[in-house]
Amino acid sequence: MAESSAPLDNRARASYQALSIPQSPSMSIQTTTVGSYPVPDWLSALPSEQAVIDATRVVFDTQRQAGIDLPTDGELYRFDVNHPDTNGMIEYFVHKLGGIDSRVGREDTAAFRAKHEMAFRSKPAAVVRGPITEGVLNLAEDCSRAGKVAGGPFKFTLTSPYMLARTLLDTHYHDFAALNMAIADALAAQAADLVCDCVQVDEANIPGNPADAPIAAAGINRVLDAVKGQKAVHFCFGNYGGQTIQKGEWSALITFLNSLRADHLVLELAHRPAADLDALKELDPKIGVGLGVVDIKVNHIESADEIAHRIEAAEKKLGAGRVKFIHPDCGFWMLKRSIADRKIEALAKGRDQFEGR
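These remarks concern the structure in this document. In this text the structure is predicted, and so the values were computed from the model without any measurement.

Cut-offs applied
- Residues numbered from 1 in each chain as written.
- Predicted model: local features only at pLDDT ≥ 70, side-chain atom pairs only at ≥ 80, totals over all residues.
- Heavy atoms only, no water.
- Salt bridge = Lys/Arg side-chain N within 4 Å of Asp/Glu carboxyl O.
- Helix = DSSP H or I, 4+ residues; strand = E, 2+ residues; numbered from the N terminus.
- Buried < 20%, exposed > 50% of the residue type's maximum accessible area, 1.4 Å probe, protein only.
- Expected span 1.5 Å × (residues − 1).
- Contact = heavy atoms within 4.5 Å.

## Observations concerning the pattern of salt bridges
Here comes step 1: A full pass over the atoms with the stated rule returns 21 salt bridges.
Here comes step 2: K343 serves as the salt-bridge partner of E302, at 3.0 Å between the closest nitrogen and oxygen. Of this pair, E302 sits in the loop between β9 (288–294) and α12 (304–318) while K343 sits in helix α13 (residues 337–355); the two residues are 41 residues apart in sequence, bridging distant segments of the chain.
Here comes step 3: In this structure E302 comes out as buried when scored by relative accessible area, which is 3%.
Here comes step 4: A salt bridge links K316 to E312, with the nearest nitrogen and oxygen atoms 3.7 Å apart. With a gap of four residues between them, K316 and E312 both fall in helix α12, about one helical turn apart.
Here comes step 5: When its relative accessible area of 37% is taken as the criterion, E312 is described as partly exposed.
Here comes step 6: Linked by salt bridges that have partners in common, E49, E141, D142 and R145 make up one network.

Here it is in structure tokens:
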């Protein structure tokens, strides 16, 4: 980082020390989104650096105008016109880290397919051939670019080390726990320089693999400990083309969730059985509950009544004041903008109705 930019960056960072998300006095529950937003057609048609910035501004403004308190940048910082699926959740990170080779050959693919736990992928995202370093990943720059057009408080997201590790063929460490922590160290170094109101770590794999919870928690906590502001972790059971990939239930993950050094969790619950709320009664009270109240796997637009009812049902089971955020179950990347925008509006209106505004 150039010395000439340091004073400005330091002033910006100072404004986020001891951070709390701004709240209206009448609102005890904040609205937020999880991460991705449908890529605007015009960005895909004419991609450029300026177009990404313009699209990011539109995504922020769309959420703020709908009443979202803590919006995201739509994860457009990792937009790649040649890789629109999953919005770069894996490849953007692993292809930039040092020690990881994005070139995958026939033998690499065969070796990866022999790993039965990754049967949902036909080939590895990349191959680990040496010690993992930060490489050319620069999340601080990505976050700064978003912050310049955010227009207020915002959340920045990155993928969990465990989830990234699961997609790789490891020919260097030969130890999954070591691979997980090597990635965590690289991401933690990046997370330490993120200037935003909240950093969210995304993990969509561990809900279906609870036996790996200690490994996943170690890596996620390494990243969380580096974050300067609010810390969140998002968990879902998969969202690939609107499909649930992981089978499982929240009850098997409570000990794991309580081990995380997060301020709040961002949980898929709208597309889940009602009984999942019962398991969350055992969640440590010092960890805030982020309640998924919008189902992103269907085109149905929730009404304000539906949203308010879901909040009320959760507060009855978990206790008044336990729900700190409401949000969609996951990102909006696979929906049409017209659907996503109406779901976002319903989210805010439902919160307002519950709060009596």
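## Some details on helix α3 (residues 49–66)
Here comes step 1: Helix length check: α3, at 18 residues, gives a terminal C-alpha distance of 26 Å against a target of 26 Å (1.5 Å per residue), a fit within 8%.
Here comes step 2: Along its buried surface, α3 packs onto α2 (41–45), α6 (139–147) and α13.
Here comes step 3: A positive backbone phi angle near 105° is found at G67, which sits one or two residues after α3.

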